[in-house]
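# Survey of secondary and tertiary structure
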Amino acid sequence: MGCGSSLPDRDSRQLGRPSENGGQDAKNLRVKLVLLGDSGVGKSCIVLRFVRGQFDPTSKVTVGASFLSQTIALQDSTTVKFEIWDTAGQERYAALAPLYYRGAAVAVIVYDITSPESFSKAQFWVKELQKHGSPDIVMALVGNKADLLEKREVAVQDGTEYAEKNGMFFIETSAKTADNINELFEEIAKRLPRPAVS
Amino acid sequence: MSEMSSPDTLCDSDPDPPIRLDLPPLSASLFDAEPPDPQQPNGSALRPSSDPSSPSSSGYAGERGSSTATSVSQVEEVLHHEIEEISIHDSQSLSIDSHASWLPGKRHNDEDDASISWRKRKKHFFVLSHSGKPIYSRYGDEHKLAGFSATLQAIISFVENGSDRVKLVRAGKHQVVFLVKGPIYLVCISCTEEPYKSLRGQLELIYGQMIVILTKSVNRCFEKNPKFDMTPLLGGTDFVFSSLIHSFSWNPATFLHAYTCLPLAYATRQAAGAILQDVGDSGVLFAILMCRHKVISLLGAQKASLHPDDMLLLVNFVMSTESFRTSEAFSPVCLPRYNPLAFLYAYIHFFDNDTYLMLLTTGSDAFYHLKDCRIRIETVLLKSNVLSEVQRSLLDGGMHIEDLPPLPRSGSSHLSQHRLPSDSPERLREPNCAVGGAAGLWHFIYRSIYLDQYVSSEFSSPINTPKQQKRLYRAYQKLFASMHDKGVGPHKTQFRRDENYVLLCWVTQDFELYAAFDPLADKALAIKTCNRVCQWVKDVENEIFLLGASPFSW
């Protein structure tokens, strides 16, 4: 969060700033990423694991949306700066979701592998984004809480099949054990469309 | 026992009739005539004394210290008070550290109206829909309370069918207070002996908090479907409501309809105000810099004014939401007194555990602009040491009654003169010695009517446990209600003595003063002391209030 510009950016009055205007070249991408999904599936935990390497088992309800950013370096010596909107999963915020996903280059849709309801909710979000999101949005389907194997109620195959049908990338993660968290974001980074070299 | 000075001015309808007396007016001549109190040559002879094991004199535990230090048994112990009758001799609670006595969040979710423990709780709050569907209950699981909610709804609609409105039902020690807000019904069942007006005010605030989260347009859901279930819309907000209800027993703002400022040097507050004004010019509706529940500085755009109740509800919403502390956030909020029908958008950022900035706009796409504003503000605050001054003020606290200067005095005084930080170990305290300040002064609240602000003295011995603080708070609340009861007339002063305190209240056009003294305090001395308090407040008003142009319009 260190952009120390002392003057307000005239073009900045949009949530979609990072992906919509310049400020990026072929080597250093800056992308807007939004996390969507039912309340309690672990969206904030995934982000905090990715950005700060932390896991807090006491659940803290997100209100509105939190904003965090993290930069990763890829093997081809490019960097990707993710500007992440971690949205609240509560029903009352559903109507406000476009505020956060508008202009997003990436949507990460999260469900909890122990909760079939959260899987249906994820499908709702996929449909919503297909209708109203950016046409070239990169979508990832994430089954979180993969460490709770004995409580699993959504089969891996269900996730894989649904993701394939909808042209998404699928992964199961555990924010608690950190399993597949970095892999998730690295895979997203690889799938991003590269801007033409100017 | 009550003390009377002019028996012809008794109030009616109060079981403990307040007595009016003729207080000398606060005039310069009075101060001139007043020799310095010989027993208190420098106003600091009486040092605070309290148990050294509880180093806090910085107020009630509602300021939420580290909650991790609270054991479950302590929490249970505090909750226990809500069931038990308050008794002065109940010493078991005195061991509670006033820092860590309250954890946010809903409790006793396993209870329902069949549980004995649920029935014994001293103060219930319910919110239900006009079709009788539960929306919120302070204790117990809403869904299990469907039958109980239906009963409450039946009572309300039975009276409404007779073209009337039920406001209050008394049943023995219990009061049942009703508030109807369109399709939403609010009910309080209490045996805390709080005045009806206070309880009703609390229901108004609970309703306001709901509007903060959902706006009044939630009513449309009921128009479409009278059986609409509102609970999912409030998902995850238990903390917000439990924290608000908790504040009814520690935060004077809930009945004073005023806000309070963090004590700061005038120049420091000016520096904070200047940078807020700077960003205010760029399309920010309200810019509010806070430390916990206290204002550091705030600005509203032209013609936009922020009601103290809106501020209370907004601050409660932000302070009780953990996710705002994790990272910067952008959230819709509604200010009921500003516009109950529409959301504003709040950019919220915590600079540290205590100090945070709220920037409100009408634009849902203003995040990056507000983020830039915050970066500019943060740079200035760091450069001008405002944030470190804030931390220092937190440690030092505000007005300590032990520092009450004598009258008359010359020169200006500063809050921090002759005083060690309240948490410093050098500040020696003798246990078991209940003295307080001059003439047995224990505590006071001063509310400036013109500024919409109040200042409350720090709690010190003997008001140093959460339980004693809550009792004093309730006494003030009662006093406030009796002074503002329109049916009784404009009270100017009130002197009330009971087994716990001498309470003195003084209302003028400019201010209201509420002061608590030792129950054995001398009346004439108490009155003199009140004059000294008022003078003291005036002397340091630069530091304890946000002055200048009315903060709400510039």
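Residues numbered from 1 in each chain as written. Chains lettered and ligands numbered in written order. Predicted model: local features only at pLDDT ≥ 70, side-chain atom pairs only at ≥ 80, totals over all residues. Heavy atoms only, no water.

### Re the overall build of chain B
As a reminder, the rule being used: Counting from the N terminus, the helices are DSSP H or I runs at least four residues long and the strands are E runs at least two residues long. Whether two residues are in contact is decided by their heavy atoms: any pair within 4.5 Å suffices. Accessible surface area values rest on a Shrake-Rupley calculation with a 1.4 Å probe, where residue burial reflects the displayed protein chains alone.
The helix and strand tally for chain B stands at 16 helices and 15 strands. Counting only contacts in chain B whose residues sit at least 6 apart along the sequence, the fraction spanning at least 24 positions is 68%. Carbon and sulfur atoms make up 54% of the accessible area of chain B, which amounts to about 21800 Å² in all.

### So, the packing of helix H4 (residues 116–132) of chain A against helix H5 (residues 156–165) of chain A
Geometry of a packed helix pair, given as the angle between the helix axes and the separation of the axes. All names here are of chain A. The following threshold applies: A fitted line through C-alpha atoms represents every axis, and for helices the fit uses only the stretch in contact; the resulting angles, taken between N-to-C directions, go from 0 to 180 degrees. Comment on the angle field: the value is read as roughly parallel under 35 degrees, roughly antiparallel over 145, roughly perpendicular from 65 to 115, and oblique elsewhere. Three categories are distinguished: nonpolar for Ala, Val, Leu, Ile, Met, Phe, Trp, Tyr, Cys and Pro, charged for Asp, Glu, Lys and Arg, and polar for the others, with Gly belonging to the last.
Where H4 meets H5, the axes come as close as 12 Å, and the angle between the chain directions of the two elements is 10 degrees. Classed by the angle they form, the pair H4 and H5 counts as roughly parallel. Packed against H4, whose contacting residues are Phe 119, Gln 123 and Val 126, the element H5 presents Asp 158, Gly 159 and Tyr 162 at the interface. Taken together, the residues of the contact of H4 with H5 break down into 3 nonpolar, 2 polar and 1 charged.

### Description of the pattern of salt bridges
Pairs can form between side chains of opposite charge whenever their charged atoms are close. To be explicit about the condition: Take a side-chain nitrogen of Lys or Arg and a carboxyl oxygen of Asp or Glu: if they are within 4 Å of each other, that pair is a salt bridge. For every residue, the accessible area obtained with a 1.4 Å probe (protein chains only) is divided by the maximum for its type, and the residue is called buried under 20%, exposed over 50%, and partly exposed between those limits.
Overall, the coordinates contain 18 salt bridges over all chains when judged by the stated rule. The partner of A:Glu187 in a salt bridge is A:Arg191, and the shortest N-O contact between them spans 2.9 Å. Taken together, the positions of A:Glu187 and A:Arg191, both in helix H6 (residues 181–191) and 4 residues apart, correspond to about one turn of that helix. Where B:Glu389 meets B:Arg392, a salt bridge forms, and the shortest distance between an N and an O atom there is 3.7 Å. Of this pair, B:Glu389 and B:Arg392 both sit in helix H13 (residues 386–396), 3 residues apart, roughly one helical turn. Owing to a relative accessible area of 25%, B:Glu389 belongs among the partly exposed residues under this scheme. Judged by relative accessible area, which is 48%, B:Arg392 ranks as partly exposed. Sharing partners across several salt bridges, the network here consists of B:Glu328, B:Lys371, B:Arg374 and B:Glu378.

### Some words on the UniProt feature "domain: FUZ/MON1/HPS1 second Longin" (unreviewed entry) in chain B
The condition is simple: UniProt positions are given in the numbering used here, feature names are shortened, and annotations may be inferred rather than shown by experiment.
The sites that carry the UniProt feature "domain: FUZ/MON1/HPS1 second Longin" (unreviewed entry) are, in the present numbering, residues 283–376 of chain B. As annotated, residues 283–376 of chain B has a helix share of 28% and a strand share of 34%, and its two end C-alpha atoms lie 15 Å apart.

### Observations concerning the environment of B:Phe444
The residue B:Phe444 is located in strand S11 (residues 441–448) in this model. A sequence separation of 33 residues divides B:Phe444 from B:Gln477, and the C-alpha atoms of the two residues are 13 Å apart.

### Thoughts on the nonpolar core
In plain terms, the rule: Residues grouped as a nonpolar core are buried Ala, Val, Leu, Ile, Met, Phe, Trp, Tyr and Cys residues, joined through side-chain atoms within 4.5 Å.
Counting 144 residues, the largest nonpolar core has A:Ile109, A:Leu141, B:Met230, B:Phe317, B:Met358 and B:Leu359 as the members making the most contacts within it. At 10 residues, helix H5 (residues 196–214) of chain B tops the list of elements feeding residues into this core. Excluding its chain neighbours within four sequence positions, the residues that come into contact with A:Ile109 are A:Leu36, A:Ala122, A:Trp125, A:Val126, A:Leu129, A:Met139, A:Ala140, A:Leu141, A:Val142 and A:Met168. In this structure, A:Val41, A:Val47, A:Val110 and A:Val142 belong to the second largest nonpolar core, which totals 32 residues.

### Section: the sheet that holds strand S14 (residues 502–507) of chain B
Residues and elements named next belong to chain B. Stated formally: Here, a strand pair is defined by DSSP locating no fewer than two bridges between the strands.
Pairing in this open sheet of 5 strands is antiparallel, and the strands run S12-S11-S15-S14-S13 from one edge to the other. Because the sheet does not close on itself, it has two edges, and the strands there are strand S12 (453–456) and strand S13 (493–497). Going from strand to strand, the sheet's axes swing by 10 degrees on average, the running direction of each strand aside. The strands that helix H15 (residues 523–539) touches are S11, S12, S13, S14 and strand S15 (511–517); relative to S15, the one it contacts most, it runs at about 130 degrees.

### A closer look at the side chain of B:Ser242
As a reminder, the rule being used: We define a polar contact as two N or O atoms separated by no more than 3.5 Å, with the added condition that, inside protein, one atom must be a possible hydrogen donor and the other a possible acceptor, whereas residues neighbouring each other in sequence contribute only through side-chain atom pairs.
Along the chain, B:Ser242 turns up in helix H7 (residues 238–247). Only 3.3 Å separates the side chain of B:Ser242 from the backbone oxygen of B:Phe239, close enough to count as a polar contact.

### Overview of the pairing of S15(B)
Residue and element names in this part refer to chain B. When you tally the buried positions in S15, you get 7 out of 7 residues, the bulk of the element. Here S15 shows no split at all, with Phe 511, Leu 513, Ala 515 and Phe 517 on one side and Glu 512, Tyr 514 and Ala 516 on the other all buried. Note that S14 and S15 share 6 bridges and pair antiparallel. Along S15, the bridge assignment pairs Leu 503 with Ala 516. Between the antiparallel neighbours S14 and S15 lie 3 residues.

### Considering the pairing of strand S5 (residues 184–190) of chain B
Residues and elements named next belong to chain B. A large share of S5 lies buried, amounting to 7 of its 7 residues. Because side chains alternate across S5, one face comprises the buried residues Ile 184, Leu 186, Cys 188 and Ser 190, and the other comprises Tyr 185, Val 187 and Ile 189, equally buried. Sheet analysis places strand S1 (residues 123–129) next to S5, joined by 7 bridges and oriented antiparallel. Counted as the bridge partner of His 124 is Ile 189 from S5. Across 7 bridges, the pairing between strand S4 (residues 174–181) and S5 is antiparallel. When the bridges of S5 are listed, Val 180 appears paired with Tyr 185. Hairpin connection from S4 to S5: 2 residues lie between these consecutive antiparallel strands, with Gly 182 at a positive phi of about 60 degrees.

### As for the sheet that holds strand S3 (residues 79–87) of chain A
The sheet built from 11 strands is open, its strands ordered S6(A)-S5(A)-S4(A)-S1(A)-S3(A)-S2(A)-S8(B)-S9(B)-S10(B)-S6(B)-S7(B) with mixed pairing. In the strand order of this sheet, the two ends are held by strand S6 (169–172) of chain A together with strand S7 (294–300) of chain B, each with one partner. Ignoring which end each strand starts from, the neighbouring axes of this sheet average 20 degrees apart. Sheet topology note: the strand S2 (residues 65–73) of chain A/S3(A) ladder contains 9 bridges and is antiparallel. Within the sheet, the bridge partner assigned to A:Ile72 lies in S3(A) and is A:Val80. Contacting strand S6 (286–291), S7 and strand S10 (355–361) of chain B, H13(B) runs over the sheet at an angle of about 120 degrees to S10(B).

### Some points on the packing of H5(B) against helix H10 (residues 308–319) of chain B
Residue and element names in this part refer to chain B. Worth spelling out the cut-off: Two helices that cross are described as forming a left-handed crossing if the nearer one is turned anticlockwise from the farther one by less than a right angle, and a right-handed crossing if clockwise.
Contact pair H5 / H10: the axes reach a minimum separation of 10 Å and the direction vectors enclose 65 degrees. By crossing handedness, the relation of H5 to H10 is classed as right-handed. Across the interface between the two elements, Leu 205, Gly 208, Gln 209, Val 212 and Ile 213 of H5 pack against Asp 309, Leu 312, Leu 313, Asn 316 and Phe 317 of H10. Looking at the contact of H5 with H10, its residues break down into 6 nonpolar, 3 polar and 1 charged.

### So, the state of the cysteines
Put simply, the rule reads: By disulfide we mean two sulfur atoms from cysteines, separated by a distance within 2.5 Å.
A complete count under the given rule lists 0 disulfides over all chains for this structure. The closest cysteine sulfur to the non-disulfide-bonded B:Cys191 is located on B:Cys188, 9.9 Å from its own sulfur.

### A look at unusual backbone geometry
Residues and elements named next belong to chain B. Ser 461 connects to Pro 462 through a cis peptide bond whose omega is 5 degrees. Note on placement: Pro 462 falls in the loop between S12 and helix H14 (466–483). Phi angles above zero are rare outside glycine, and His 257 is one such case at about 50 degrees. As for its position among the elements, His 257 is in the loop between helix H8 (253–256) and helix H9 (266–280). Taking relative accessible area as the criterion, His 257 reaches 31% and is therefore assigned partly exposed.

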